[in-house]
Amino acid sequence: MERADLDFAHLPFAYRKTDANIRYWFRDGAWTEGELTSDETITLHMASTCLHYGQEIFEGLKVFERPDGRIQTFRLDENAKRLQRSARKLLMEPVPEDLFREAVHRVVRANRRFVPPYGSGASLYVRPLLLGASAEVGVKPSQEYLFLVFVTPVGPYYKAGFEPVRLIVEEEIDRAAPGGVGDVKCGGNYAAGLRATMGAKDKGYSEVLYLDAREKRYIDESGSSNFYAIRDNTYITPSSPSILPSITNMSVRQLARDMGLAVEQRPVSVDELGTFEEAGCLGTAAVITPVESITYRGTEYVYGKRGEAGPVTTELYKRLTAIQWGEAEDPYGWTEIIPEEG
Ligand code: PLP
Ligand code: COI
């Protein structure tokens, strides 16, 4: 295998053309055989429900090249299940887990030369999409669906990698509401948050931290990741009906327990902002990103030394990435090797 000619150690988190993507259609009550194609465009009916009624959901997962050269997925089954939950919530056709796995394996094999080498710090980001594809003008669910998976080699989501970022609490704009769709991964949630995220970036922050829409009192999450804080040997992370159940967070809660921390998943009030020792963001793209400070109503709450990740955050990051990169044992069976031939 000749590796793609890329500077893998300095990749941005961005789309890059690869060799193939894979597509399956749900028509007449059944999924088609998947088709690999190099075409980066899709042809959809202009009245497809994904285009005007928002029947569009997606996932994000990463695959990693291990020290032994084999490629592994991280918690693929959880991404498959979450896509099914998103589909059910938006009355879309759920993708069977086996089909999801087959799609990821086939598209990764077809793009083997784009999998960043072990040690580069980069990974192959996998983006499954599910789109309502039949023409409807009345508000109703689509009869047909397109399930598409593309990949792109990526570096860190925030430019500096494992370097602390500054967040600002957003009070005006809500990303999601209780009873809404904030707990599933649909494109509309990201559209709802764009103004907030761009506004924060304009002010020099990396991202916003949303509050619960009802009381504006409890921390929800950031625009692209879950949130946690460390205090008194305790890992504290919000529970809320309007945040995405992060698979990274689920994993890190386990690693925190393994480190002897207590784990609290509960409503986290903004009144606690001044009490945290460390804070961080959690996500497939964000991995664990240390939070240097949170600005709320004009006060900047700084966690630890500026520019330095705290000790608990650093240890959690090491443990998580060692499993993802195949350096450490995987006691919970989170990783799966992608067979070389399907
Ligand atoms: N919250 C939001 C809004 C996200 O977009 C993501 C990214 O997927 C996450 C949380 C983190 O979820 P996960 O760890 O499953 O990637
Ligand atoms: C992910 O972490 O996979 C996401 O989908 C977040 C996205 C905003 C890049």
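Residues numbered from 1 in each chain as written. Chains lettered and ligands numbered in written order. Predicted model: local features only at pLDDT ≥ 70, side-chain atom pairs only at ≥ 80, totals over all residues. Heavy atoms only, no water.

Draft legend 1. The arrangement of the overall build of the protein chain in detail. Tallying secondary structure elements over the protein chain gives 6 helices and 18 strands in all. Here the C-alpha atoms of the protein chain give a radius of gyration of 20 Å, agreeing with the 20 Å that 2.2 N^0.38 yields for 342 residues. Along the longest, intermediate and shortest principal axes, the C-alpha atoms of the protein chain span 55 × 50 × 35 Å. For the protein chain, the proportion of its 342 residues judged to be buried stands at 53%. For the protein chain, the proportion of contacts with a sequence separation of at least 24, taken over those separated by at least 6, is 71%. When the accessible surface of the protein chain is split by element, carbon and sulfur atoms take 49% of a total near 15000 Å². (Helix = DSSP H or I, 4+ residues; strand = E, 2+ residues; numbered from the N terminus. Rg over C-alpha atoms; globule rule 2.2 N^0.38 Å. Buried < 20%, exposed > 50% of the residue type's maximum accessible area, 1.4 Å probe, protein only. Contact = heavy atoms within 4.5 Å. Areas by Shrake-Rupley, 256 points an atom, 1.4 Å probe, with all protein chains shown as cover.)

Draft legend 2. Seen up close, the side chain of Asn-111. By the element assignment, Asn-111 lies in the loop between helix H3 (97–110) and strand S7 (123–132). The class for Asn-111 is buried, based on a relative accessible area of 0%. Separated by 3.1 Å, the side chains of Asn-111 and Thr-18 make a polar contact. In terms of polar contacts, Asn-111 uses its side chain to reach the backbone amide nitrogen of Asp-19, at 2.7 Å. For Asn-111, the contacting residues outside a window of four places in its chain are Thr-18, Asp-19, Ala-20 and Val-151. (Polar contact = N/O pair within 3.5 Å; in protein donor to acceptor, adjacent residues only side chain to side chain.)

Draft legend 3. Local environment of the site of ligand 1. Near ligand 1 there are 16 residues, and of these Tyr-190, Glu-221, Ser-246, Thr-248 and Thr-284 occur at the shortest range. Between ligand 1 and the protein, one listed contact pairs an oxygen atom with a side-chain N or O atom of Thr-248 at 2.6 Å. When isolated, ligand 1 has an accessible area of 380 Å², and the protein chains bury 97% of it. Every element with two or more residues in the shell around ligand 1 is listed here: helix H5 (247–258) and strand S15 (278–283). For the shell around ligand 1, the class distribution of residues is 4 nonpolar, 8 polar and 4 charged. (Near = heavy atom within 4 Å. Nonpolar A, V, L, I, M, F, W, Y, C, P; charged D, E, K, R; others polar.)

Draft legend 4. Focus on the site of ligand 2. Ligand 2 sits among Phe-13, Phe-58, Gly-60, Tyr-125, Arg-127, Tyr-157, Lys-185, Ser-224, Thr-284 and Ala-285. The side chain of Arg-127 places a nitrogen or oxygen atom 3.4 Å from an oxygen atom of ligand 2. Here an oxygen atom of ligand 2 and a backbone polar atom of Thr-284 are 3.5 Å apart. Protein contacts shield 89% of the accessible area of ligand 2, which totals 280 Å² for the unbound molecule. Residue classes in the shell around ligand 2 are distributed as 5 nonpolar, 3 polar and 2 charged. Split by domain, the shell around ligand 2 shows at least three residues from each of two domains, domain 1 (8–154) and domain 2 (165–324). (Domains from an automatic or database assignment.)

Draft legend 5. Just the packing of aromatic side chains, in detail. With the rule as written, the count across this model stands at 14 aromatic pairs. Aromatic side chains Trp-31 and Phe-147 sit 6.4 Å apart centroid to centroid with 75 degrees between the ring planes, which places their arrangement in the edge-to-face category. Of this pair, Trp-31 sits in strand S2 (residues 30–31) while Phe-147 sits in strand S8 (residues 145–154), and the two are 116 residues apart along the sequence. Judged by its relative accessible area of 18%, Trp-31 falls in the buried class. Measuring from ring centre to ring centre gives 5.9 Å for Phe-74 and Trp-334, while their planes differ by 80 degrees; the resulting arrangement is edge-to-face. Pair noted here: Phe-74 is in strand S6 (residues 71–74) and Trp-334 is in the loop between helix H6 (311–324) and strand S18 (335–337), with a separation of 260 residues, a long-range link. Residues Phe-74 and Trp-334 agree in their burial class; the two are buried. (Phe/Tyr/Trp six-rings, centres within 6.5 Å; stacked < 30°, edge-to-face > 60°.)

Draft legend 6. Summary view of the packing of H5 against H6. The contact between H5 and H6 brings their axes to 10 Å, and the two run at 115 degrees. For the crossing formed where H5 meets H6, the hand is right-handed. Contact residues: Thr-248, Ser-251, Val-252, Leu-255, Ala-256 and Asp-258 in H5; Leu-316, Arg-319, Leu-320 and Ile-323 in H6. In the contact of H5 with H6, the residues fall into 6 nonpolar, 2 polar and 2 charged. (Axes fitted to C-alpha atoms, helices over the stretch in contact; angles between N-to-C directions. Left-handed = near helix turned anticlockwise from the far one by under 90°.)

Draft legend 7. Representation of unusual backbone geometry. Its identity as a non-glycine residue notwithstanding, Asp-232 has a phi of 50 degrees, on the positive side. You can see Asp-232 is positioned in the loop between strand S12 (226–231) and strand S13 (234–238). Phi is positive for Arg-297, which is not a glycine, with a value near 45 degrees. In this fold, Arg-297 is placed in the loop between strand S16 (287–296) and strand S17 (299–302). Residue class for Arg-297 comes out exposed when judged on its relative accessible area of 62%.

Taken by themselves, the reported measurements are silent on function.
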